[in-house]
Amino acid sequence: MSKKDIRAIEGTRDYLGEDGIRFEKAMDGAREIFTRFGFEKIATPVFESTDLFARSIGEATDIVEKEMYTFKPGSEMITLRPEGTAGAIRAYLQHNLHKQGSLTKLWYAGPMFRRERPQKGRYRQFHQVGIEAVGSSDPLLDTEVIAMGIAYYERLGITGIRLRLNSIGCSKDECRPAYRAKLRAEIEPNLDKLCKTCNSRFERNALRILDCKNPHCQEVVKGLPASYDNLCEECEDHFAKVKEGLAAQGIEFDVDATLVRGLDYYSKTVFEYTHGALGAQDAIGGGGRYDGLVEELGGPATPAVGFAIGVERAMIAMEALGACCCAAPLSVFGIGLGEDCHKAMSGMITRLRREGISADMDYEGRSFKSQMRLANRKGAQVALILGDNELAEGKVNVKDMREGGEQLSVNIADAISEVKKLLP
Ligand code: HAM
């Protein structure tokens with residue numbers, strides 16, 4: 001049998017080199033920013049009961065209809081999570097967080113799976129960093145959440161983010177159901193002008209017609225009423241306060257009647273962050289309020305708001321902007337010449353690492369010159385150089401690797417404190 005190359009599955013990717021650094025920055029940035037805003041980490045399983053996603057994301061959505069990886073390995077249908085909100089809320093209920101009687105702020109990061117047609121910025125395994133704030137209907141919380149997304153992009157050096165904002169109202173008869181009926185009445189005479197997908201959406205999910213990219217559909221959509229002009233009093237007041245809150249924080253936004261989002265659990269505020277570097281898949285993150293989901297999943301009526309950011313899309317923007325993608329430089333490179341010094345250097349490197357100082361050495365028997373080159377390539381700030389004469393005298397050379405930096409001979413026992421003096 002011939003040995004055939006095994007390659008990564010279409011729509012999945014490896015992250016290495018500069019991409020690996022960007023990926024790590026995107027993940028580290030999430031921990032830093034989300035904890036700064038008082039969010040606590042939650043990690044949920046990568047697969048859950050299929051029913052969880054069908055009930056939360058909605059049966060008539062693209063995700064549930066055609067994009068889920070669903071298996072039946074035993075008696076239960078399971079699905080690789082296409083997003084993080086459903087699992088977070090399932091866990092919130094399962095662990096009785098709703099009984100704590102206070103706002104619960106959770107953040108997560110990890111792989112998600114959607115069987116979409118792969119293209120730039122659209123993968124079948126991708127990563128999200130996201131947050132869910134569960135237990136408050138305060139419009140200022142919507143504002144805070146939106147501001148946190150922007151703080152996250154800033155942390156990654158991503159400038160040029162645009163914020164699209166809309167309110168799709170709530171489930172009260174006079175709010176979204178009335179708007180949906182009005183929309184359908186206006187669309188019906190034009191059904192023949194709409195694409196096949198929109199025709200099928202007309203029955204099951206008419207609001208999604210608003211965000212169809214087909215130019216014929218967009219012509220029809222242009223003249224349709226906006227959801228934000230058809231809100232109940234409570235939703236109208238909420239939307240006004242969210243907009244006021246954003247303006248007070250100096251956050252610019254475009255109110256966009258065509259923003260309806262692809263998941264069914266939303267109510268009131270919906271938003272999307274977009275970036276020009278991304279091309280067709282320009283949504284770099286998105287979220288909104290979902291005041292009905294906790295109840296839908298069997299809990300008490302509990303308002304909530306959250307978002308998720310696409311890590312791969314953030315990485316594309318970082319690359320396009322030349323946002324920093326350098327690895328943290330190595331602090332110390334140890335050079336031990338000859339077998340005894342190699343062994344002694346290994347002990348010194350271990351002690352440095354225990355002190356929290358990044359340190360490395362050669363394990364391939366390189367010459368002194370070649371080890372110095374390696375130290376430079378790794379960006380080492382200090383080199384420790386140990387030869388047999390130094391070892392016999394209990395000394396080691398500490399070389400400052402900066403241009404014109406000096407080399408000192410110090411007692412081995414003092415090496416760590418001497419190294420520390422040279423590090424920022
Ligand atoms: P979403 O808009 O479906 O929302 O996904 C959030 C982000 O994930 C998108 O804006 C995009 O950046 C990224 N993304 C989605 N699909 C792909 C893909 N196939 N390839 C690469 N990136 C992708 C949600 O998932 C909601 N759970 C957000 C949320 C949290 N709403 C409330 N809380």
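An account of the accompanying structure is given in this report.

Cut-offs and rules
- Residues numbered from 1 in each chain as written.
- Predicted model: local features only at pLDDT ≥ 70, side-chain atom pairs only at ≥ 80, totals over all residues.
- Heavy atoms only, no water.
- Helix = DSSP H or I, 4+ residues; strand = E, 2+ residues; numbered from the N terminus.
- Buried < 20%, exposed > 50% of the residue type's maximum accessible area, 1.4 Å probe, protein only.
- Contact = heavy atoms within 4.5 Å.
- Areas by Shrake-Rupley, 256 points an atom, 1.4 Å probe, with all protein chains shown as cover.
- Lys, Arg positive; Asp, Glu negative; His and termini not counted.
- Charge placed at Lys NZ, Arg CZ, Asp CG, Glu CD.
- Pairing = 2+ DSSP bridges.
- Axes fitted to C-alpha atoms, helices over the stretch in contact; angles between N-to-C directions.
- Near = heavy atom within 4 Å.
- Polar contact = N/O pair within 3.5 Å; in protein donor to acceptor, adjacent residues only side chain to side chain.
- Nonpolar A, V, L, I, M, F, W, Y, C, P; charged D, E, K, R; others polar.

**Details of the overall build of the protein chain**
- Counting its regular elements, the protein chain contains 15 helices and 16 strands.
- Structurally, the protein chain occupies a C-alpha span of about 90 × 60 × 45 Å along its principal axes.
- Expressed as a percentage of the 424 residues in the protein chain, the buried residues total 51%.
- For the protein chain, restricting intrachain contacts to residue pairs at least 6 apart in sequence, the fraction spanning at least 24 positions comes to 70%.
- With the model as given, the accessible surface of the protein chain reaches about 21,100 Å², and the carbon-plus-sulfur share is 48%.
- Side chains of the protein chain carry 57 positive and 62 negative charges; the gap between the two charge centres is 4 Å.

**Things to note about the environment of Arg354**
- Summarising the element assignment, Arg354 is placed in helix 12 (residues 339-354).
- Using a relative accessible area of 70% as the deciding quantity, one classes Arg354 as exposed.
- Between the C-alpha atoms of Arg354 and Ser167, which are 187 residues apart in sequence, the distance is 53 Å.

**A few points about the sheet that holds strand 10 (residues 283-289)**
- Sheet architecture is open: 8 strands sit in the order 1-5-6-11-10-9-7-8, paired in mixed fashion. The open sheet has two edge strands, strand 1 (40-41) and strand 8 (254-255), and neither has a second partner.
- Here strand 1 runs beside strand 5 (residues 104-113); their pairing, made up of 2 bridges, is parallel. What sits directly across from Lys41, in strand 5, is Trp107.
- Relative to strand 11 (residues 304-310), helix 5 (residues 139-155) is tilted by about 15°, and along the sheet it contacts strand 5, strand 6 (125-134), strand 7 (161-167), strand 9 (269-275), strand 10 and strand 11.
- Most of the contacts of helix 11 (residues 311-321) go to strand 6, to which it runs at about 110°, and overall it touches strand 6, strand 9, strand 10 and strand 11.

**Observations regarding the site of the ligand**
- The immediate surroundings of the ligand are formed by 27 residues, with Glu83, Glu116, Glu132, Arg261 and Tyr266 found nearest.
- A distance of 2.8 Å separates a nitrogen atom of the ligand from a polar atom in the side chain of Glu132.
- Separating an oxygen atom of the ligand from a backbone N or O atom of Gly310 is a distance of 3.3 Å.
- Contact with the protein chains removes 96% of the 650 Å² of surface that the ligand exposes when unbound.
- Among the elements of the structure, strand 6, strand 10 and strand 11 are those that each provide at least two residues to the shell around the ligand.
- Among the residues forming the shell around the ligand, the class breakdown is 11 nonpolar, 9 polar and 7 charged.

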